[in-house]
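# A look at the structure
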Amino acid sequence: MFRANLIVYNKLPDQLDQEIEAGIIGQGLGGGLKVCRSMQELRMVMEEDAGRPNMAVLVPSDREDLEGLIAMRLGDWQARIILVLRQKDPEALARAHALRPRFLTFADGDLGEVAIVARNLARVYQNHTYH
Amino acid sequence: MARILIIDDDQLVCDTLSDLVALKGHEAASARDLGSGLPLARDKAFDVVFLDVRMPDGNGLEAIPLLKALSNSPEIIIITGFGDPDGAELAIKHGAWDYLEKSATAQEINLVLARALQYRQGKQAGQDTASLQLEGLVAKSPQMKASLELIALAARSEAPVLITGETGTGKELVALAIHNNSSRVKGSFVVIDCAALPPTLAESVLFGHVKGAFTGAERARDGLVKQGHGGTIFMDEVGELPENLQRIFLRVLETGRFRPIGMSQELSSDFRLIAATNRDLDQMAAQGHFREDLLFRLRSLSIHLPPLRQRPEDILELTSHHLRKIATRRGQAPLDFSPEFARLLMAYSWPGNVRELIHALERAVAAAGEGSELLPVHLPINIRIFAARSAISREPAAAASPEQPFPTWREAKQDLEAKYLRQALAVSGGNLKKASLLTEISLPRLYELLRKHGLKGQG
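Residues numbered from 1 in each chain as written. Chains lettered and ligands numbered in written order. Predicted model: local features only at pLDDT ≥ 70, side-chain atom pairs only at ≥ 80, totals over all residues. Heavy atoms only, no water.

### Considering the overall build of chain A
Scanning chain A from terminus to terminus reveals five helices and five strands. Secondary structure elements of chain A occur, N-terminal to C-terminal, as β-α-β-α-β-α-β-α-β-α. Sorting the 131 residues of chain A into buried and exposed places 50% on the buried side. Expressed as a percentage of contacts within chain A between residues at least 6 apart in sequence, the contacts between residues at least 24 apart total 68%. Total accessible area computed for chain A in this model is approximately 5400 Å², and 50% of it derives from carbon and sulfur atoms. (Helix = DSSP H or I, 4+ residues; strand = E, 2+ residues; numbered from the N terminus. Buried < 20%, exposed > 50% of the residue type's maximum accessible area, 1.4 Å probe, protein only. Contact = heavy atoms within 4.5 Å. Areas by Shrake-Rupley, 256 points an atom, 1.4 Å probe, with all protein chains shown as cover.)

Here it is as structure tokens:
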């Protein structure tokens, strides 16, 4: 079992959200899972000085939400990002890379992949945190 | 014409190198020891310095930072003894451009010199490291300054780059710096984390697929190689790339063309590749786990990032930099740190490198609460223990005297424990709950320890 301090950000509590959570729990990563429903909540969790998430699954609701995440400069927090996009337009996709996601997929794709990648990230980077 | 300085105590080496250099139309000067060589280097702006390691008045490697610190920062070629791979490794780690064995042929010497001068010419003609956009990268040490020069060189080039270094040394930041300072800055910086991708998914993620290409491919997907068109692809943990994909990716690198799964025709993508790894790819290639031809392509330009323990000059600079960042995030003024705090940071070996330092600082700031200064007690316990153990192991002779017999391990541990508890009480103002949080010792255990040492707190 790998230690992961994982956060899921999704403003919309929909089917997608449940699917991602179920997959992550299915991979044995549910222990450190926290779900954020607002940008403010996400910011608060990411600004904790200790015990901060080392992995984040981000599901921006729209382009504005994506821009908000980019503006948060999550890269500075050294959390590894998995990004699930609801938009497929090339412009949004190009912007999404500003978050430097370790994995990028789409909301209408196979969300099981998100859980598998999260598990791999937790396995590979389990020794990279010093909390 | 370039100016070349030779510092070697062997007159024959000085004469031979001077002749070779003169034959190539360059101006040569020589010195037989560091005492005369260093002032000469200061007075005249040399482009390249050939430097011997074993000098009568010191170690040549220790002179590298002094030479690199000169305003013209000459390229340094170390002259090592025959068959001394450790010396060669040390030379590179100390920021030398290259090394030569004393037995090198004239052709080898000319080649190394020509490459050093070519590199220097490119460096001077192009972007200065001072104008680089370097988000999060701190370089005070000669080793990191040498890395910055390579970043500047890489930013001007289109060649693939291989960044190596231990975990936490900042390989991704270096890759990003190269991208941000290159002509591709308006394109995407696409990350491919080879360690995160399950092998069954990797090909589709990299190259994409058409609808119906395989079971479950209900929709077409664009791969990351296509998304990287016009920009930079950063392939992290490249040593984890599955062997079948190494072959395919090599071809993509050579031709700029790729085929999504299930598509009959090829597509093209104009991307620049930067790869990174903390693994020994040479060893992997020797064992048949990594393709040598791919390694050769990846290594058109190489940047090795030294571990933090090998560049102590950067530790306090990084500390100040990240304390400022933490303060900005918290909307507060940056905290000061005590000399003891700095001493512990300098004494620790930082196996997790810069990433570990950042985590330690964040923990320290949290532990300091409303305090205005960071103290050793605010640091994570593993760092304090390391420092305490190092201090004890450094001072056994001082502790052993007829008046004060050398303490047993148990006594030394007790002594350290008592000192540590007294310090924790002082920092927490005697508040036991706060002391418990600071020390990460449970409250009942803290009571027990204080009782054992005859100490008292409040709360």
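### Let's talk about the pairing of strand β12 (residues 232–236) of chain B
Residue and element names in this part refer to chain B. Buried residues dominate β12, accounting for five of its five residues. Residues T232, F234 and D236 of β12 are buried on one face, and the alternating residues I233 and M235, pointing to the opposite face, are buried as well. Judged from the five bridges that link them, strand β9 (residues 189–193) and β12 form a sheet pairing that is parallel. Note that in β12 the partner of V190 across the bridge is I233. Sheet topology note: the β12/strand β15 (residues 272–277) ladder contains four bridges and is parallel. By the bridge assignment for β15, I233 is matched with L273. (Pairing = 2+ DSSP bridges.)

### Section: the sheet that holds strand β2 (residues 33–36) of chain A
Residues and elements named next belong to chain A. Within the open sheet, the five strands sit side by side as β2-β1-β3-β4-β5. Their pairing is parallel. In this open sheet, the two strands that pair with only one neighbour each are β2 and β5 (103–106). Between one strand and the next, the sheet's axes are offset by a mean angle of 15 degrees, whatever the strand orientation. Where strand β1 (residues 6–10) lies against strand β3 (residues 55–59), five bridges are found, and the strand directions are parallel. Within the sheet, the bridge partner assigned to I7 lies in β3 and is A56. (Axes fitted to C-alpha atoms, helices over the stretch in contact; angles between N-to-C directions.)

### Some words on the packing of aromatic side chains
All names here are of chain B. Enumeration according to the criterion identifies seven aromatic pairs over all chains in this entry. With a centroid separation of 5.8 Å and 15 degrees between ring planes, the pair formed by F189 and F234 is classed as stacked. Here the residue F189 occupies a position in strand β9, and F234 occupies one in strand β12, the gap between them amounting to 45 residues. Judged by relative accessible area, which is 6%, F189 ranks as buried. Between Y348 and F386 the ring centres are 5.1 Å apart and the planes differ by 90 degrees, which places this aromatic pair in the edge-to-face class. One end of the pair, Y348, is in the loop between α14 (339–347) and α15 (353–368); the other, F386, is in helix α16 (residues 381–394), and 38 residues separate them in sequence. (Phe/Tyr/Trp six-rings, centres within 6.5 Å; stacked < 30°, edge-to-face > 60°.)

### Section: the interface of chain A and chain B
In this complex, chain A contributes 32 residues to the contact, which on the side of chain B involves 36 residues. A salt bridge links R221 of chain B to E113 of chain A; the nearest nitrogen and oxygen atoms lie 3.3 Å apart. Where chain A meets chain B, there are eight residue pairs in polar contact (both at pLDDT 80 or more). Contributions of two or more residues to the side of chain A that touches chain B are made by α4 (90–96), β5 and α5 (112–124) of chain A. At seven residues, the largest contribution of residues to the side of chain A that touches chain B is made by α5 of chain A. In the side of chain A that touches chain B, the residues fall into 13 nonpolar, seven polar and twelve charged. (Salt bridge = Lys/Arg side-chain N within 4 Å of Asp/Glu carboxyl O. Polar contact = N/O pair within 3.5 Å; in protein donor to acceptor, adjacent residues only side chain to side chain. Nonpolar A, V, L, I, M, F, W, Y, C, P; charged D, E, K, R; others polar.)

### Re the pairing of strand β8 (residues 161–165) of chain B
Residue and element names in this part refer to chain B. Extensive coverage of β8 is indicated by the burial of four of its five residues. Relative to β15, β8 is paired through four bridges, and the arrangement is parallel. Counted as the bridge partner of T164 is T277 from β15. As paired elements, β8 and strand β16 (residues 301–305) share five bridges and run parallel to each other. Bridging across to β16, T164 finds its partner in H304.

### Re the packing of helix α2 (residues 34–43) of chain B against helix α3 (residues 60–68) of chain B
Residues and elements named next belong to chain B. Orientation of α2 relative to α3, taken along the N-to-C sense of each, is 15 degrees, at an axis distance of 11 Å. By the criterion of interaxial angle, the relationship of α2 to α3 is roughly parallel. Of the two elements, α2 crosses α3, and the hand of that crossing is right-handed. Residue-level contacts link L34, L38 and A41 of α2 to G60, A63, L66 and L67 of α3. Taken together, the residues of the contact of α2 with α3 sort by class into six nonpolar, one polar and no charged. (Parallel < 35°, antiparallel > 145°, perpendicular 65-115°, else oblique. Left-handed = near helix turned anticlockwise from the far one by under 90°.)

### Here we look at the domain arrangement of chain B
Residues and elements named next belong to chain B. With domains assigned, chain B is organised as domain 1 (3–125), domain 2 (142–306), domain 3 (309–394) and domain 4 (409–453). Distance between the C-alpha centres of domain 2 and domain 3: 34 Å. Facing eight residues of domain 2, the contacting portion of domain 3 comprises ten residues. Buried surface at the junction of domain 2 and domain 3, summed over both partners, amounts to about 760 Å²; 38% is from carbon and sulfur atoms. (Domains from an automatic or database assignment. Buried area = accessible area lost by both parts, 1.4 Å probe.)

### Overview of the pattern of salt bridges
As enumerated under the stated definition, the model contains 36 salt bridges over all chains in all. Note that K88 of chain A and D108 of chain A form a salt bridge whose closest N and O atoms lie 3.4 Å from each other. Of this pair, K88 of chain A sits in the loop between β4 (80–85) and α4 while D108 of chain A sits in the loop between β5 and α5, and the two are 20 residues apart along the sequence. A salt bridge links K102 of chain B to D8 of chain B, with the shortest nitrogen-to-oxygen separation between them at 3.8 Å. Residue K102 of chain B is found in the loop between β7 (98–101) and α5 (106–125), and its partner D8 of chain B is found in the loop between β1 (3–7) and α1 (11–23); the two are separated by 94 residues along the sequence.

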